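Coordinate inspection notes
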Amino acid sequence: FKAIEITPISNDDDARKGYHWTNIDCGINVKVNSEGYIAIVHDASVSDLDTIPWHLEEDNTQNWVRVFWNNGSYPGDSETNTCEDNGCKTRSDGDCLCKTSVSESVVFADIVNVSKEDVMSQLFLGVIGPHEGSAPENITDDLIAHVVDGNVDNSTVFEVKDKGRSLYLKNVLSTV
């Protein structure tokens, strides 16, 4: 379910404010500028644009964030890689407006020969700690794999000891 702002039938002013759950589709889009930076744009399947916060509306959002693109190529970066080539639309200001989706894949299928450097260079999703019921498997003095039910999969959490602290990294590559 998604959150949108609605106006209830009640005459109570406090009840008219806030966000409520609905089953109407919505999504997160991004604007991509000429430098490859993105700005988040909310897309709600409702006719009332007043339900989208102004700073996330397509024409107003200006919260540009640097992202890392596969191979350094992004929608609209050249005449041979246009917005439309990537399933996006070209806006009047030249930015691309693109729908987003997220896919996740397991990075390490086993823990044999996995090093601290491998984990630090390939895992980027932090978690609070290992899953309840996981079993720690010491790989090296500064690397522990917390494995659930003996399977190295997307529930595996790697504990990396680095500069006097423990980092917990999920065994997942998340691609938007």
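Residues numbered from 1 in each chain as written. Predicted model: local features only at pLDDT ≥ 70, side-chain atom pairs only at ≥ 80, totals over all residues. Heavy atoms only, no water.

1. Structural notes on the nonpolar core
Rules: Residues enter a nonpolar core if they are buried and are Ala, Val, Leu, Ile, Met, Phe, Trp, Tyr or Cys, with the set joined through side-chain atoms within 4.5 Å. Three exposure classes are used, based on accessible area relative to the maximum for each residue type with a 1.4 Å probe and protein chains only: buried under 20%, partly exposed in between, and exposed over 50%. Only DSSP runs of H or I reaching four residues or more are called helices, and only runs of E reaching two or more are called strands; each is numbered from the N terminus. Whether two residues touch is decided by their heavy atoms; if any such pair falls within 4.5 Å, the residues are in contact.
If you look at the biggest cluster of nonpolar residues, it comprises 11 residues: Phe 108, Ile 111, Val 114, Val 119, Leu 123, Leu 143, Ala 145, Val 147, Phe 158, Val 160 and Leu 169. Ranked by residue count, the leading element in this core is strand E9 (residues 143-147), at three residues. Leave out the neighbours within four places in its chain, and Ile 111 touches Glu 137, Ile 139, Ala 145, Val 152 and Phe 158. Listed in part, the eight residues of the second largest apolar core include Val 32, Ile 38, Tyr 74 and Cys 98.

2. Some remarks on the pattern of salt bridges
Spelled out, the test is: Note on definitions: salt bridges are taken to be side-chain nitrogens of Lys or Arg within 4 Å of carboxyl oxygens of Asp or Glu.
Going through the model one piece at a time under the given rule, you end up with four salt bridges. When the shortest N-O distance is used, the salt bridge between Arg 91 and Asp 93 registers 3.1 Å. Owing to a relative accessible area of 11%, Arg 91 belongs among the buried residues under this scheme. The exposure class assigned to Asp 93 is partly exposed, which follows from its relative accessible area of 43%. Here Asp 162 ties to Arg 165 by a salt bridge, and the two come within 4.0 Å at their closest N and O atoms. A relative accessible area of 13% means that Asp 162 is categorised as buried. When its relative accessible area of 46% is taken as the criterion, Arg 165 is described as partly exposed.

3. With respect to the confidence of the model for the protein chain
Note the threshold: A score from 0 to 100, pLDDT tells how confident the predictor is in each residue.
A residue-level look at the protein chain finds 77% of positions with pLDDT of 70 or above and a mean pLDDT of 83. Across the protein chain, the secondary-structure element scoring lowest on mean pLDDT is strand E1 (residues 2-5), at 51, and the one scoring highest is E9, at 97.

4. Here we look at the environment of Arg 91
Stated formally: Any pair of nitrogen or oxygen atoms within 3.5 Å is treated as a polar contact; in protein, a donor-acceptor pairing is required on top of that, and neighbouring residues in sequence qualify only through side-chain atoms on both sides.
Note on placement: Arg 91 falls in the loop between strand E5 (89-90) and strand E6 (96-99). In this structure the C-alpha to C-alpha distance between Arg 91 and Lys 31, which are 60 residues apart in sequence, comes to 8.9 Å. One polar contact links Arg 91 to Asp 93, side chain to side chain, over a distance of 3.1 Å.

5. Overview of the side chain of Lys 31
Here is the rule: Counted as positive: Lys and Arg. Counted as negative: Asp and Glu, with His and the chain ends omitted from the count.
By secondary structure assignment, the location of Lys 31 is in strand E3 (residues 26-32). Despite its burial, Lys 31 pairs with no opposite charge; the closest candidate is Asp 95, at 4.6 Å N-O. Leave out the neighbours within four places in its chain, and Lys 31 touches Tyr 37, Ile 38, Ala 39, Val 41, Glu 58, Thr 61, Gln 62, Trp 64, Arg 91, Asp 95, Cys 96 and Leu 97.

6. With respect to the side chain of Lys 116
Checked against the element boundaries, Lys 116 lands in helix H1 (residues 116-122). Looking at Lys 116, its side chain comes within polar contact range of the side chain of Asp 162, at 3.2 Å. Beyond its immediate chain neighbours, meaning those up to four positions away, Lys 116 contacts Asp 142, Leu 143, Val 160, Lys 161 and Asp 162.

7. A few points about the state of the cysteines
Quick note on the threshold: Disulfide assignment relies on a single distance test, namely cysteine sulfur atoms paired within 2.5 Å.
As enumerated under the stated definition, the model contains two disulfides in all. The disulfide partner of Cys 88 is Cys 98, and the gap between their sulfur atoms is 2.1 Å. Across the S-S bond linking Cys 88 and Cys 98, the dihedral sits near 105°, which makes this disulfide right-handed. Of this pair, Cys 88 sits in the loop between strand E4 (38-44) and E5 while Cys 98 sits in strand E6, placing them 10 residues apart in sequence. Ordering the disulfide-forming cysteines of the protein chain by sequence position, one finds them joined as 1-3, 2-4.

8. Things to note about the pairing of strand E8 (residues 135-140)
For clarity, the threshold we go by: Any two strands between which DSSP finds at least two bridges are classified as paired.
As paired strands, E8 and E9 are joined by five bridges and run antiparallel to one another. Opposite Asn 138, over in E9, you have Ile 144 as the bridge partner. The hairpin formed by E8 and E9 contains two residues between the paired strands.

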